[in-house]
Amino acid sequence: MSAPLTYLHRCCQRSVLLVVARRQWSTNSASPPPLHRRLLLFLTQRFYDVEMLLRWRYQAQRSQLQKKNVYYSYTQRFYGPDIASAYYILSLKGGFRYVGQSEWFRTNQRGKFSWDFLNHKNTPIEEADMSYTIINYTGLENLERQRSLRTLKLKGCPEVDDWFLARLHLFQDSLEELDISHCPRITTGGLAALRNLKGLKHLNVSSLPGISNPGLVIILLEEMLPQCQITANGYDHNLRKVEEEEEEQMQRQRSLCEETKAHNPV
Amino acid sequence: MSAMWRRLQVKVGPARGLLTSTQVTRRSTWLNGHLSLCQSFSTGTSLRNDFFKDLETHMEAMRKKAMDALPGSSWTPLEINPNLPPERADIVIVGGGVVGWSIAYWLKQKEMVRGGVRVLVVEKDPTYSQASTVLSAGGIRQQFSLPENIHLSLASADFIRNINEHLGVLNEDPIDLQFNHLGYLFLASEAVAHIMEENYSTQRYAGAKVSLLSPTQLKEKFPWVNTEGVVLASYGLENEGWFDPWTLLNAFKRKAISMGAIQCCGEVTEFKYTTSVITTTDGEKLDLRRIKSVKVQMPHSLEYQPVECAIVVNAAGAFSGKLTEMLGIGFGPKQSIAGIPLPVEPRKRYVYVVRCPDGPGLDTPFLIDYSGVYVRREGLGGNYITGASPEEVTSAWAGFYDYNTFDQNAIIGTHPLINNMYFATGFSGHGLQHSPAVGRAVAELILDGNYKTLDLSGFSFNRILTQEPKLERNIV
């Protein structure tokens, strides 16, 4: 009973992270950045020290990410690849289910998990839920040996990008369900790489901010994977936006004509 | 002082408004000749207005002059062309394409001290109208037969995957190369199938993720491919695809310039070198040359600047042969080392854009046939880029690529007769996909003295002197 609630709570916490991450990456937003960010930019352009500190902070964040996604070779050597993958998923605050078991192993809010999963030796993992975790390309190496993985949920992962999707060809025989909605770094080139997953039955590509023409891309995806059911919500397919833009353009042209008439006497 | 000028300008603004209104009415009465209504029916502006407009421009010019006269401005009475390169540089890279800027970035990356090496990149044409970088199809693949090429491609793919960590500049937008992750699909006929199988084992051994497909498997995976005459196909699963070369070039350029590399638009027309004569063990006399300075000529003018340098890197692409001729390579007696020219010449290659609305779709790989025809998808609207003439064409472009006439593989390293010139040319169509790894290799060669990560000694100039070509089987 409490497990789904804690899961929901964690999702809400992680979605805040996602929003912050998106703002950092895109400078094409209509509103100017907040005061502290502008101040920081001003200081960075003037002082080498500020620039160095900011670069150190960025590098520290990246190295922390890399440390979390490192290859768990030690665990693999002593406990086998399945336990190593399980431990990796749990340490990244994800959840999984073994083949033949119906119980999901998850971490709680504070990141603590029970060590019961050690009891099931040499059982491959069937479903993995890595939503809102910081899994990335190098971390996927830890799941490489799971050739009977059927479901992979990567909803809202900030580090899942096109290269990650291209590497999913490792699971081409077994993967049936894939959820990559709300991942900010996926673009059309990465979606094209999903063609290797010939056994895919359910694909969720909702609300991907990185793809430019969502309607067309979804249609092409459906053509590319005929046996797959594709869910794509959260896109604004209206033509109203285009009409508004056209009206704005015409108004601008009209005002320009008036100005030129005012400046150049007939 | 400047604040005073600014305040003055502000005062002129409203004053102008007051005065013009009275001027207009006076003019209308004059024009009509007799006292008439003070209303003006003309839609034009009055003559008196111009006086105040000129006044504003005059004030602006005087303000600028005053600012220049103050200390801290960059005005000098000697009108020196600001586009000239510096008089001295440690390393001059001739050629501002993707290979040249990649070498500049890696040199700046590997220097131990801030400002340790002064790197100057000289590019003849800032529009890149004839450079092979921007006119390439932009593909990267691991399906080569030489292990060095495979390792170069793998290293470059690794670099491109982490491109924001390598080339990201603080507070700038992240780099979006628009990388399409679709593999290369090579089709082999009966005659060349065994070569493809050997290549497959080399590629798997080197770590590339490639899969071999039979005609039935090929038809199953890509139903639109015509499998007539096709016996075997090899498809890349990972680290292959195509991207935007212009973005990569600009990313390298921006990062290198932010780290202190100097960019110059000009053409290298002459080298000043010292010659010393050495005798080999056979008793043959050889001219050993050492470049002292490079003469950089400004575009469309006779102005030039001699740049004293320690090392010159030849990354001029299609025009590298012409550059080495300036040093006398190729003009010696036929049998000697000096008589062998650099076998790189510009070769024209044509790329065509075709439109097929009923074409394959999102998952079209980079298809290469055994006859040499290649095709890839461009964008989402049913356009395809291909390289061998079809009948009807939407548009086309042509570019030179640095064709190595000897064995169509890169030439990296020094020349035995020129002490301080490093070559990084002759890529014959693979320059873009190997550029990050080659840049790192050349930077290691220059700064560390030897290759550290990848051993590219197989691509040195020696194979041209001993006339042993290092051929790649199955190239396009």
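Note that the structure is predicted; figures quoted are calculated from it, not measured. Residue positions are given per chain, counting from 1 as you read along its sequence in written order. Here chains are named by letter from A upward and ligands by number from 1 upward, in the order in which they appear as written. Under the rules for a predicted model, residues below a pLDDT of 70 receive no local features and side-chain atom pairs below 80 are neither given nor counted, while totals for whole chains, interfaces and linings still include all residues. The basis for every side-chain value is the complete set of non-hydrogen atoms in the structure, without hydrogens or water.

(A) Geometry of the overall build of chain B. Secondary structure is summarised from DSSP: a helix means a run of H or I of at least four residues, a strand means a run of E of at least two, and numbering begins at the N terminus for each. Assigned secondary structure in chain B consists of eleven helices and 19 strands. Only protein chains enter the calculation, and the probe is 1.4 Å; a residue is then buried if its accessible area is under 20% of its type maximum, exposed if over 50%, and partly exposed in between. Within chain B, the proportion of its 476 residues that are buried is 48%. Just so you have it, chain B exposes about 23,600 Å², and 54% of that area is on carbon and sulfur atoms. Here the accessible surface of atoms and residues is derived via Shrake-Rupley with a 1.4 Å probe, and residues count as covered only by protein chains that are part of the display.

(B) A look at a nonpolar patch on the surface. Together, M52, L53 and W56 of chain A give the surface a local cluster of nonpolar side chains, amounting to about 330 Å² of exposed area. Here M52 of chain A is to be found in helix α3 (residues 48–68). Residues enter patches when their relative accessible area tops 30% and they take part in no salt bridge; the joining distance is 9 Å for like charges and 5 Å for the nonpolar side chains Val, Leu, Ile, Met, Phe, Trp and Tyr. Whenever Lys or Arg places a side-chain nitrogen within 4 Å of a carboxyl oxygen from Asp or Glu, that contact is recorded as a salt bridge.

(C) Helix α8 (residues 214–224) of chain A, seen in detail. Residues and elements named next belong to chain A. Of all the residues in α8, the buried ones are P214, V217, I218, L220, L221 and M224. On an axial view of α8, the arc spanned by its buried residues comes to 165°, and they lie on one face. We call two residues contacting when some pair of their heavy atoms lies within 4.5 Å. Buried-residue contacts for α8 involve α7 (188–192), β6 (202–204) and β7 (229–231). Here the arc refers to the directions that run from the helix axis out to each C-beta atom.

(D) Highlighting unusual backbone geometry. Residue and element names in this part refer to chain B. A positive phi angle is found at H300, which is not glycine, with a value near 55°. Its identity as a non-glycine residue notwithstanding, Q467 has a phi of 60°, on the positive side. Looking at the element boundaries, Q467 is found in the segment after α11 (462–465).

(E) Just the sheet that holds strand β1 (residues 95–98) of chain A, in detail. Residue and element names in this part refer to chain A. On the basis of which strands lie adjacent, the open sheet formed by seven strands has the order β2-β1-β3-β4-β5-β6-β7 and mixed pairing. Looking at which strands have only one partner, the edges of the open sheet turn out to be β2 (104–105) and β7. When DSSP finds two or more bridges between a pair of strands, those strands are recorded as paired. Bridging between strand β3 (residues 125–129) and strand β4 (residues 151–153) involves three bridges; their strand directions are parallel. Across the sheet, E127 pairs through a bridge with T151, a residue of β4. Relative to β1, helix α5 (residues 81–91) is tilted by about 155°, and along the sheet it contacts β1, β2 and β3. To obtain each axis, a line is fitted to C-alpha atoms, and for helices this fit is confined to the stretch in contact; angles are then taken between N-to-C directions over 0 to 180 degrees.

(F) Highlighting the state of the cysteines. Residues and elements named next belong to chain A. Two cysteine sulfurs form what is called a disulfide whenever their separation falls within 2.5 Å. Under the defined criterion, the tally for this structure stands at zero disulfides over all chains. Looking at C183, it has no disulfide partner, and the nearest cysteine sulfur is the one in C157, 5.2 Å off. Taking relative accessible area as the criterion, C183 reaches 0% and is therefore assigned buried.

(G) Highlighting the interface of chain B and chain A. With 26 residues of chain B at the interface, the matching set in chain A holds 32 residues. Carbon and sulfur atoms supply 58% of the area that chain B and chain A bury against each other, a total of about 2,900 Å² over both sides. By buried area we mean how much accessible surface two parts lose on assembly, using a 1.4 Å probe and totalling the loss over both. The three residues of chain B that bury the most area against chain A are H181, L362 and L380 of chain B, which together make up 24% of that side's buried surface. Our enumeration of links across chain B and chain A arrives at three salt bridges. Across the salt bridge formed by E165 of chain B and R62 of chain A, the nearest N and O atoms sit 2.9 Å from each other. Here a polar contact is recorded for every N or O atom pair within 3.5 Å, except that within protein the pair must consist of a potential hydrogen donor and a potential acceptor, and residues adjacent in sequence are included only if both atoms are side-chain atoms. The interface formed by chain B and chain A holds six residue pairs in polar contact (both at pLDDT 80 or more) in total. Elements that contribute at least two residues to the side of chain B that touches chain A include exactly α4 (147–161) and α5 (163–167) of chain B. Of all the elements, α4 of chain B adds the most residues to the side of chain B that touches chain A, at three residues.

(H) Summary view of the pattern of salt bridges. Within the structure shown, the criterion is met by 27 salt bridges over all chains. Between E126 of chain A and R150 of chain A there is a salt bridge, with its nearest N and O atoms 3.6 Å apart. In this pair, E126 of chain A sits in strand β3 while R150 of chain A sits in the loop between β3 and β4, placing the two residues 24 residues apart along the sequence. One salt bridge in this structure joins D448 of chain B and K452 of chain B, with 3.9 Å as the shortest N-O distance. Looking at D448 of chain B, the relative accessible area reads 33%, which means it is partly exposed. When salt bridges that share partners are traced, they join R62, E159 and R185 of chain A together with E165 of chain B into one network.

(I) Summary view of the side chain of N314 of chain B. All names here are of chain B. When you line up the elements, N314 lands in strand β12 (residues 311–314). With relative accessibility at 0%, the residue N314 sits in the buried group. Within the structure, the side chain of N314 is placed 3.3 Å from the backbone nitrogen of A316, a separation counted as a polar contact. Once you skip the residues sitting within four places of it in the chain, N314 turns out to touch V94, S320, L323, T324, L342, M421, Y422, F423, A424 and T425.

(J) Summary view of the nonpolar core. Ranked by internal contacts, the top residues of the largest apolar core, which has 66 residues, are I135, L154, L178, I180, L191 and L203 of chain A. Apart from residues lying up to four places away in sequence, I135 of chain A is in contact with N69, Y88, L92, M130, L143, L154, C157, E159, V160 and F164 of chain A. Counting residues in hydrophobic clusters, the runner-up holds 56 residues, among them W163 of chain A together with V98, Y105 and A424 of chain B. Nine residue types can take part in a nonpolar core, namely buried Ala, Val, Leu, Ile, Met, Phe, Trp, Tyr and Cys, and a core is a set of them joined through side-chain atoms within 4.5 Å.

(K) How the structure looks around the packing of helix α8 (residues 245–258) of chain B against helix α10 (residues 431–447) of chain B. All names here are of chain B. Where α8 meets α10, the closest approach of the two axes is 11 Å, and the angle between their N-to-C directions is 25°. It follows from the interaxial angle that α8 and α10 lie roughly parallel. Crossing of α8 against α10: the hand is left-handed. Of α10, the residues touching α8 (which contributes P245, L248 and F252) are L432, S435 and P436. Only Asp, Glu, Lys and Arg are considered charged in this grouping, and only Ala, Val, Leu, Ile, Met, Phe, Trp, Tyr, Cys and Pro are considered nonpolar; every other residue, Gly among them, is considered polar. Considering only residue class, the contact of α8 with α10 consists of five nonpolar, one polar and no charged. Here roughly perpendicular refers to angles of 65 to 115 degrees, roughly parallel to angles under 35, roughly antiparallel to angles over 145, and oblique to all remaining angles. Crossing chirality is assigned from the near helix's rotation relative to the far helix, an anticlockwise turn below a right angle marking it left-handed and a clockwise turn marking it right-handed.

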